[in-house]
4 protein chains.
Amino acid sequence: MSSFWNHNISISVFGESHGPAIGVVIDNLPPGEPLDVDAIREFMARRAPKSDGTTTSRRENDMPNIMSGYLNGRTTGTPLAAFINNTDTHSQDYGNISRLARPGHADYTGALRYRGFNDVRGGGHFSGRLTAPIVFAGAVCGQILERRGIYTGTHIAQVHNIKDTMFNPCNIDRDLIINLRHKIFPAISDKKGQRMRDDILLARQSLDSVGGVVECAVTNVPAGIGSPMFDGLENTISSLVFGIPAVKGIEFGAGFEAAKMLGSQNNDEFYVDERGHVLTKTNNHGGILGGISSGMPIIFRVAFKPTPSIAQPQETIDYSAMTNETLVIKGRHDPCVAVRAVPVVEAAANIAVLSHMLDYPNF
Amino acid sequence: MSSFWNHNISISVFGESHGPAIGVVIDNLPPGEPLDVDAIREFMARRAPKSDGTTTSRRENDMPNIMSGYLNGRTTGTPLAAFINNTDTHSQDYGNISRLARPGHADYTGALRYRGFNDVRGGGHFSGRLTAPIVFAGAVCGQILERRGIYTGTHIAQVHNIKDTMFNPCNIDRDLIINLRHKIFPAISDKKGQRMRDDILLARQSLDSVGGVVECAVTNVPAGIGSPMFDGLENTISSLVFGIPAVKGIEFGAGFEAAKMLGSQNNDEFYVDERGHVLTKTNNHGGILGGISSGMPIIFRVAFKPTPSIAQPQETIDYSAMTNETLVIKGRHDPCVAVRAVPVVEAAANIAVLSHMLDYPNF
Amino acid sequence: MSSFWNHNISISVFGESHGPAIGVVIDNLPPGEPLDVDAIREFMARRAPKSDGTTTSRRENDMPNIMSGYLNGRTTGTPLAAFINNTDTHSQDYGNISRLARPGHADYTGALRYRGFNDVRGGGHFSGRLTAPIVFAGAVCGQILERRGIYTGTHIAQVHNIKDTMFNPCNIDRDLIINLRHKIFPAISDKKGQRMRDDILLARQSLDSVGGVVECAVTNVPAGIGSPMFDGLENTISSLVFGIPAVKGIEFGAGFEAAKMLGSQNNDEFYVDERGHVLTKTNNHGGILGGISSGMPIIFRVAFKPTPSIAQPQETIDYSAMTNETLVIKGRHDPCVAVRAVPVVEAAANIAVLSHMLDYPNF
Amino acid sequence: MSSFWNHNISISVFGESHGPAIGVVIDNLPPGEPLDVDAIREFMARRAPKSDGTTTSRRENDMPNIMSGYLNGRTTGTPLAAFINNTDTHSQDYGNISRLARPGHADYTGALRYRGFNDVRGGGHFSGRLTAPIVFAGAVCGQILERRGIYTGTHIAQVHNIKDTMFNPCNIDRDLIINLRHKIFPAISDKKGQRMRDDILLARQSLDSVGGVVECAVTNVPAGIGSPMFDGLENTISSLVFGIPAVKGIEFGAGFEAAKMLGSQNNDEFYVDERGHVLTKTNNHGGILGGISSGMPIIFRVAFKPTPSIAQPQETIDYSAMTNETLVIKGRHDPCVAVRAVPVVEAAANIAVLSHMLDYPNF
């Protein structure tokens, strides 16, 4: 089902960008887990538009209203439902999208899929706004994981041709993770971060947009969760990550670089350290072998295409009249969708890892 | 479930590398589809070891025995079960793997996941041999798709640092696809293919292995199949592709390159051609927008790590004794797992696309 | 997942009896289906408490707020979410249920399942009130079915020892179905209905409650939907019906009576009528053979136990202190849960049948 | 999916009555569970035709061949696949069934569902023979449950109008359960059993068949497994039981009798016994409240219709020519399908309960 996800935990996302509300139902959360609603809001605020010009100027004050599954500060174990009212919608900005297919958007494919009946205002159900409920779910799952010592860190690893310092795949400091969450622009290197921001502002000035890469690491996942074949950690994480609009690729550990390596370079040798812990000397495997966690940090990177909504005139079709036309997109758009995607990727990781952790003995 | 996959079509894979047999059950295939069993065997033979030194010398004569779901040359619509007997197994080659974790393999993680009870001979259920049932399923699905004009082509796009000519993402000739299937080494450019082979043989001589990339294209998929969020074509394809051992990444269309682009570069402008068909001038979106097919070729690339089994001594652990040890792997192994993965990736694409096609009106 | 149901259509139910709201998300509805919201409310009003004494006096004015998936009077095809605010809650009536297990209720089993963290006010997520979202979903599905000529009729077939006239399993008039929907007490025979009502009122006066049976028929379902084994119509209908509180049994066609029959009595002989339609002379099979519709009316009956909340003192335990205690239940309760279950059973049938119809060619 | 079942444990059943083999793949069994293959065969032998005239005279020597997932006498945790070769098939007996719809069978509905391509010899995939793989799976699950003290007992509770002594729902002796497994005709009362056998033989002599009821009890299930709404024990058990051919109804605890009761009669009062165990004085709830186990025996009854294959001439249609015809069924058939269904129902209970037990902490 398109907006249902089910893997131990079930998630049902609903809503359209310009409808009355969007939201999510999360089922099979463990009961009795304390949830800090203020911390959930802070997590969601990381997805909010920023004032530094790197994102849309649209205000999205995403206040989740919890409708069920939460009592006396804890999860009940029954479905946790939250909805977020849509407020700052400017439907008039989107007057012409019902007829002209915005290149890079799902206007045309969505019209075919839903035979023209889907809500196209602001992208409707295809809108990036639908990541807010995912972030809510990920914030909830993250709190449950952190109580077990599992932390997920995420940064904007690349914008256009500018790369951030990457995570040390063998050793990711919890302070770094926490620090990234409090940065307005979540790059590990502030210097690279500033260059990325400049690049984004330049693109915006040029009526253009840029792509980017988000890197995510999950630390302290115990070895032995996940399964071979179709229930591996890669499968589960991917199944959520490809639910984020604009994602075009995912790689784990060395990823596409591994394709360029020799086995003697890529293989991560095991060792037992003085505490008796099993580790690997390198972490090209990204913490996953045969679909199963190795105990090393789980590392993956997600490629985001440039925001397709750009202010330049573009050739396209009127998919109703089936004529060739020129389109000028108005409205307020993020010049780099990857920036606000950072907490969304982190949310997806949290949901996927928690869902596998529920199979872990004595979770 | 680890070895069950379910998305309109259901697939259940079973077996261990050195057990009596491996196989697959496929449910919900459309009834009445003619199946050419010889063509299935030819498809499966593409996964077989080759005599040119680029693969293992182990013989794997994968003859599928169809047990059900097939009558009078056609699918019945009830479960199609096939098994493949294991024959050429040399268990004595694997004498030491029950105690020493082969770097890059799932020995250690599998032992934790299955509490030491899984069959480790030849990799057991984690073996690349388990891709044979997937290839069987993909061959079946491919025949059903081809009857509707949908063809899937696959080539070895990269080995180590050597890249093949890539598919023209806007226009993939059926002859090229068919031609690739008959090549011993399925590269588009024979010259590049020869260089890749030389590189693989060099790695083998150096007691090493190399990684690679496989590119896959599905042509003539009608626009409008797939769904947003968690039921998009990317999600479905990924859910199968990450079931193939050694896969570390997947990208669709421009993929990670899109992250380096401007929106004005990456956006694929639509146009209506003289026949009234909707096309895009470029195909950076890889035939998928919002999870839904656009009618352009579906293009994706899969990164394979180098075969972890190399003949050089490697440092590792005895995960039973929890001691540091040196391992020398014997046995016959593919020096580049990506080569034999070509039909497996093609099979995964066939399964994923057919499963979405079943939702297509008037399929 | 406990409150997620998935079979072509996905349904996610959330909420607690005394929380802020209950609701449902429905995914994969066909796009472009006109929905008459007033008719949905009328359907839901059939579940509302009645003024004739046969139900609780609690007011439940179930007004659904549609949050998404509905535009310009039609389904969009994306998730349809609806919320129902909880209003007339008297939590003080339930002061003692957090400690004493009400016999026949899920207080004790729910406390174990959710480790004491679930909301127990008014039954929480176990409350019969959670059938309101199911009725909403069933009303939506029913409208989509009726547009294809498929009608579902339901009546209160038995209360205590009093049986209503049963449906003629071979021929169910549409007028009868419509007529039943407008009856305050939906029995086919008004005379039997009056006797049932008297019996219910007598039980209430005796501080007691009574059980009942609901019969449901779905007419004009085309032959050939459903599947053998685990995806039959019986499996699907049951999977929903056992989601209704107080259900203790289900039977299709002749059901448990078939167990008392000879094959020569039970077998339904086929014939082709003058129009060329295939029919059976009798309908002991309840319109389903091998899990697949035969074209005859689908008939099933659902057994409801008596409302467990009765006003008489009952022996029970304090499951916190683990002591034996006497319980007196206060609050307003239905003396016969089967009465208000009539539209719930009808809703379950609608959801199940529509989910199978989506596989029907040219639906 | 029709022949896939998935609830923690996944089961994939394949095969046709007259094909080369039938079988099952079981995924997600816990690793390291000892399996006694002889005991599995003994369990399967309970489904075999008997020599006393109450079943078909067809020999079905169901020897399962385990292909995977089993090593050194234990489950590995990876998919357990088993095949059963079809041997004693007399296809010539079924010469006329490809054209004439046998009343009570799925010939006509199956032909529509599979557009005429399904294998109809011996019932094909709809055959009762397909219960053999379910029995295999249930035998495996039963051994895993019994190691935790959970025993499942089953008896033929009714044949035609003759009822066996029922289980004492509050107290089911393990010796009784074991004893039933060794009876040729598994009735609790041998006297009633003899009357049932006589009745079955009489039906056979009359070229007729009879229906029956099977009662099943699962003892020592810990309180707290299962979930409300759609993931209750009733839903799970039903989803499997309606996969057994000829089942027309299921009821839990008092079942349809509960519908005739007053609340004061039906409610099961709780008490704490001297050992501190929570029990109920009666067990009308059948060990399940709100979908969750109460710790009392789980009790359910399944109604089987009479075997539809009877030797008397029957009116029916030729569904190819669409003409009215008279049919005389030849071949060897069970005069009472409920008799051989006893181990099948027990198997379904084992699978369902084990699948819920896997969620139980410290299983």
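Residues numbered from 1 in each chain as written. Chains lettered and ligands numbered in written order. Predicted model: local features only at pLDDT ≥ 70, side-chain atom pairs only at ≥ 80, totals over all residues. Heavy atoms only, no water.

Trainee: What should I look at first to understand the packing of aromatic side chains in this one?
Mentor: For any pair of aromatic rings, the description consists of the separation of the ring centres together with the inter-plane angle of the planes. Scanning the entire structure with this criterion turns up 30 aromatic pairs over all chains. With a centroid separation of 4.6 Å and an interplanar angle of 90 degrees, the aromatic rings of A:Phe83 and C:Phe83 are classed as edge-to-face. In this pair, A:Phe83 is assigned in strand β7 (residues 80-85) and C:Phe83 in strand β7 (residues 80-85), connecting two distinct chains. Accessibility expressed as a relative area gives 12% for A:Phe83, which makes it buried. Consider the rings of C:Phe252 and C:Phe300, whose centres lie 5.7 Å apart with planes at 35 degrees: the pair is tilted. (Phe/Tyr/Trp six-rings, centres within 6.5 Å; stacked < 30°, edge-to-face > 60°. Helix = DSSP H or I, 4+ residues; strand = E, 2+ residues; numbered from the N terminus. Buried < 20%, exposed > 50% of the residue type's maximum accessible area, 1.4 Å probe, protein only.)

Trainee: I would appreciate a short explanation of the sheet that holds strand β4 (residues 64-68) of chain C in the present structure.
Mentor: Strand-to-strand pairing in sheets goes through backbone hydrogen bonds, with the strands running parallel or antiparallel. Residue and element names in this part refer to chain C. Spatial ordering of the open sheet is given by β1-β2-β3-β7-β4, a layout of five strands whose pairing is antiparallel. One side of each edge strand has no neighbouring strand; the edge strands of this open sheet are β1 (4-7) and β4. Between one strand and the next, the sheet's axes are offset by a mean angle of 15 degrees, whatever the strand orientation. With six bridges joining them, strand β3 (residues 21-27) and β7 adopt antiparallel strand pairing. Opposite glycine 23, over in β7, you have phenylalanine 83 as the bridge partner. Where helix α3 (residues 131-146) meets the sheet, its contacts fall on β2 (9-15), β3, β4 and β7, and the angle it forms with β3 comes to roughly 35 degrees. (Pairing = 2+ DSSP bridges. Axes fitted to C-alpha atoms, helices over the stretch in contact; angles between N-to-C directions. Contact = heavy atoms within 4.5 Å.)

Trainee: Hey, could you run me through the pairing of strand β2 (residues 9-15) of chain D in this one?
Mentor: Residues and elements named next belong to chain D. Extensive coverage of β2 is indicated by the burial of seven of its seven residues. Covered by surrounding structure in β2 are Ile9, Ile11, Val13 and Gly15 together with Ser10, Ser12 and Phe14, the residues of both alternating faces. Here strand β1 (residues 4-7) pairs with β2 via four bridges, running antiparallel. Paired with histidine 7 across the two strands is isoleucine 9, which belongs to β2. Two successive antiparallel strands, β1 and β2, enclose a turn made up of one residue, where asparagine 8 displays a positive phi of approximately 70 degrees. Where β2 and strand β3 (residues 21-27) come together, six bridges link them in antiparallel fashion. Counted as the bridge partner of phenylalanine 14 is glycine 23 from β3.

Trainee: Is there a simple way to think about the pattern of salt bridges in this case?
Mentor: Opposite charge on two side chains lets them pair, provided their charged atoms get close. Under the counting rule described, the total for this entry stands at 77 salt bridges over all chains. In this structure, A:Lys260 and A:Glu257 form a salt bridge, with 3.2 Å as the shortest nitrogen-oxygen distance. Judged by its relative accessible area of 44%, A:Glu257 falls in the partly exposed class. Note that C:Asp38 is salt-bridged to C:Arg41, the shortest N-O span being 3.5 Å. (Salt bridge = Lys/Arg side-chain N within 4 Å of Asp/Glu carboxyl O.)

Trainee: What should I look at first to understand the environment of A:Ala132 in this one?
Mentor: Following the sequence through the fold, A:Ala132 ends up in helix α3 (residues 131-146). In this view, A:Ala132 contacts A:Ile22, A:Met44, A:Arg47, A:Asp62 and A:Ile84; residues no more than four positions away in its chain are not counted.

Trainee: Where do I start with the side chain of D:Asn235 in this structure?
Mentor: Of note, D:Asn235 is situated in helix α6 (residues 233-241). Judged by its relative accessible area of 3%, D:Asn235 falls in the buried class. In terms of polar contacts, D:Asn235 uses its side chain to reach the backbone carbonyl oxygen of C:Ser239, at 3.0 Å. At a separation of 3.1 Å, a polar atom in the side chain of D:Asn235 contacts the main-chain carbonyl oxygen of D:Met229. (Polar contact = N/O pair within 3.5 Å; in protein donor to acceptor, adjacent residues only side chain to side chain.)

Trainee: Sorry if this is basic, but what is going on with the relation of the copies chain D and chain C here?
Mentor: The operation linking the two copies of the chain is a rotation about an axis combined with a translation along the axis. Rotating chain D by 180 degrees about the axis while translating it 0.0 Å along that axis superimposes it on chain C, leaving an RMSD of 0.0 Å. With respect to symmetry, the two chain copies, as superposed, fit the operation of a two-fold axis. In terms of C-alpha distance to the rotation axis, chain D has D:Ile250 as its closest residue, with the C-alpha 2.8 Å off the axis. The fraction of interface residues of chain D whose copies in chain C are also interface residues reaches 100%, indicating that both copies meet through the same surface. (Least-squares fit on C-alpha atoms with pLDDT ≥ 70 in both.)

Trainee: Can you help me understand the packing of helix α1 (residues 37-45) of chain A against α3(A) in this one?
Mentor: The description of two helices packed together rests on the angle between their axes and the distance between the axes. Residues and elements named next belong to chain A. Two elements in contact, α1 and α3, have axes whose closest approach is 9 Å; the angle formed by their N-to-C orientations is 135 degrees. Looking at the two axes, α1 sits oblique to α3. Regarding α1 and α3, the two cross each other, and that crossing is right-handed. Contacts between α1 and α3 involve Ala39, Ile40, Phe43 and Met44 on the former and, on the latter, Ala132, Val135, Phe136, Gly138, Ala139, Val140 and Gln143. Within the contact of α1 with α3, the residues separate by chemical class into nine nonpolar, two polar and no charged. (Parallel < 35°, antiparallel > 145°, perpendicular 65-115°, else oblique. Left-handed = near helix turned anticlockwise from the far one by under 90°. Nonpolar A, V, L, I, M, F, W, Y, C, P; charged D, E, K, R; others polar.)

Trainee: What is the right way to read helix α8 (residues 337-357) of chain D from this model?
Mentor: Residues three or four positions apart in an α-helix share a direction because the helix packs 3.6 residues into each turn. In this model α8(D) runs 30 Å from its N-terminal to its C-terminal C-alpha over 21 residues, within 8% of the 30 Å that 1.5 Å per residue would give. Counting buried positions along α8(D) gives 20 out of 21 residues, so the element sits mostly inside the fold. (Expected span 1.5 Å × (residues − 1).)

Trainee: Would you explain the environment of C:Val302 in this entry?
Mentor: In this structure, C:Val302 sits in strand β16 (residues 298-304). On the basis of relative accessibility, which here comes to 0%, the residue C:Val302 falls in the buried class. C-alpha separation for the pair C:Val302 and C:Ala338, spaced 36 residues apart in sequence, amounts to 9.1 Å. Among all residues touching C:Val302, those that are not within four sequence positions of it are C:Gly212, C:Val213, C:Val214, C:Val241, C:Val247, C:Gly249, C:Ile250, C:Val345 and D:Phe256.

Trainee: I'm lost on the confidence of the model for chain A in this one. Help?
Mentor: Caution applies to low-pLDDT parts of the model: their predicted coordinates are not meant to be read in detail. Chain-level pLDDT for chain A is 94 on average; 96% of the residues reach the 70-or-more range. Here the predicted complex carries an ipTM of 0.97, next to a pTM of 0.97. (pLDDT = per-residue confidence, 0-100.)

Trainee: In this structure, what is going on with the interface of chain D and chain C? I would like to understand it.
Mentor: Accessible area lost upon the coming together of the parts is a frequently used measure of interface size. Listed per partner, the contact involves 97 residues of chain D and 98 residues of chain C. Summed over both partners, the interface of chain D with chain C buries about 7400 Å², with 64% contributed by carbon and sulfur atoms. Three residues stand out in chain D for area buried against chain C, namely D:Met229, D:Phe230 and D:Lys248, and they jointly supply 11% of the buried area on that side. Our enumeration of links across chain D and chain C arrives at one salt bridge. The partner of C:Lys248 in a salt bridge is D:Glu234, with the nearest N and O atoms 4.0 Å apart. Where chain D touches chain C, the interface holds 37 residue pairs in polar contact (both at pLDDT 80 or more). Of all the elements, strand β11 (residues 247-252) of chain D adds the most residues to the side of chain D that touches chain C, at six residues. A class-by-class count of the residues in the side of chain D that touches chain C yields 45 nonpolar, 38 polar and 14 charged. When strand β11 (residues 247-252) of chain C meets β11(D), the two strands line up antiparallel, connected through three bridges. (Buried area = accessible area lost by both parts, 1.4 Å probe.)

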